[in-house]
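Analysis of the macromolecular model
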Amino acid sequence: MLYLASDHAGYKLKEVAKEFLNFLQIEYQDLGTNDEEMVDYPDYARKLVKKMNPKKDKGLLFCGTGSGMCIMANRYKKIRAIVGNNEHEVLLGRAHNDANVLCLGGRLTGENGAKKMIKIFLDTPFAGETRHKRRIRKLDIK
Ligand code: RB5
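Residues numbered from 1 in each chain as written. Predicted model: local features only at pLDDT ≥ 70, side-chain atom pairs only at ≥ 80, totals over all residues. Heavy atoms only, no water.

Okay, the packing of aromatic side chains next. Applying the stated rule across the entire model yields zero aromatic pairs. The side chain of Lys58 reaches across the aromatic face of Phe121, ending 5.9 Å from its centre. (Phe/Tyr/Trp six-rings, centres within 6.5 Å; stacked < 30°, edge-to-face > 60°. Lys NZ or Arg CZ within 6 Å of the ring centre and 35° of its normal.)

Another aspect to go through is the site of the ligand. Asp7, His8, Ala9, Tyr41, Cys63, Gly64, Thr65, Gly68 and Arg107 make up every residue found near the ligand. Within the contact set of the ligand, an oxygen atom lies 2.5 Å away from a side-chain nitrogen or oxygen of Asp7. Between the ligand and Arg107 there is a distance of 3.2 Å, counted from an oxygen atom to a side-chain nitrogen or oxygen. Taking 290 Å² as the accessible area of the ligand by itself, protein coverage stands at 73%. Class assignment for the residues of the shell around the ligand results in three nonpolar, four polar and two charged. (Near = heavy atom within 4 Å. Polar contact = N/O pair within 3.5 Å; in protein donor to acceptor, adjacent residues only side chain to side chain. Areas by Shrake-Rupley, 256 points an atom, 1.4 Å probe, with all protein chains shown as cover. Nonpolar A, V, L, I, M, F, W, Y, C, P; charged D, E, K, R; others polar.)

Time to look at the pattern of salt bridges. Following the criterion strictly, the structure yields eleven salt bridges and no others. The partner of Arg80 in a salt bridge is Asp98, with the nearest N and O atoms 3.3 Å apart. A residue pair is termed long-range when its members are at least 10 positions apart, and Arg80 in the loop between helix 3 (67-73) and strand 4 (81-83) and Asp98 in the loop between helix 4 (87-95) and strand 5 (101-105) qualify at 18 residues. Asp98 shares its class with Arg80; the two are buried. (Salt bridge = Lys/Arg side-chain N within 4 Å of Asp/Glu carboxyl O. Helix = DSSP H or I, 4+ residues; strand = E, 2+ residues; numbered from the N terminus. Buried < 20%, exposed > 50% of the residue type's maximum accessible area, 1.4 Å probe, protein only.)

Shown next, in the form of C-alpha cells:
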C-alpha cells in the first residue's frame, strides 16, 4: 500500500499528488491532514510510519520543506526516508538506499517537479547489489 500524510504546509501538494495518483490509477490511503489548519508535522509522520509495513509499503510525506517529516520518519526502524529535491536524488535514493518514504516540501517544490519525483520513486526498483544491501543493513542500529 502507498500511504500519504502531510501537515498544513504540505496539504496542497498532497492534494496534487492524490490527483496524480488517481490519474495513474495507483491505490493509496490518505492519512491526513485534511485542510490547511495548523498541525504538527511529527504527528503525521508518526501516523504514516506506524501504518507502514516497511518491507512492502511506501509512504509520501509532505510538509513545508520535507525536512521535518524526514527527520521524524527516520527515527523508526526500517524506515528509509529521503527528501526529494530533484529527480536524480530520488532515483538514487530508490536504487541505492531502497528508500521507502519520499518527503516533499510544499513550500519549495513545484507541482510538476513533485509529480516527476513521485513517479520515479514509485517506478525505480532497488538495485539490490551486495554493497547496497550491506550498507542498508548497517542503517538499523540495534
Ligand atoms: C510548518 O510551518 C513547517 O515548519 C513544516 O511544514 C516543515 O517545513 C518542517 O520541516
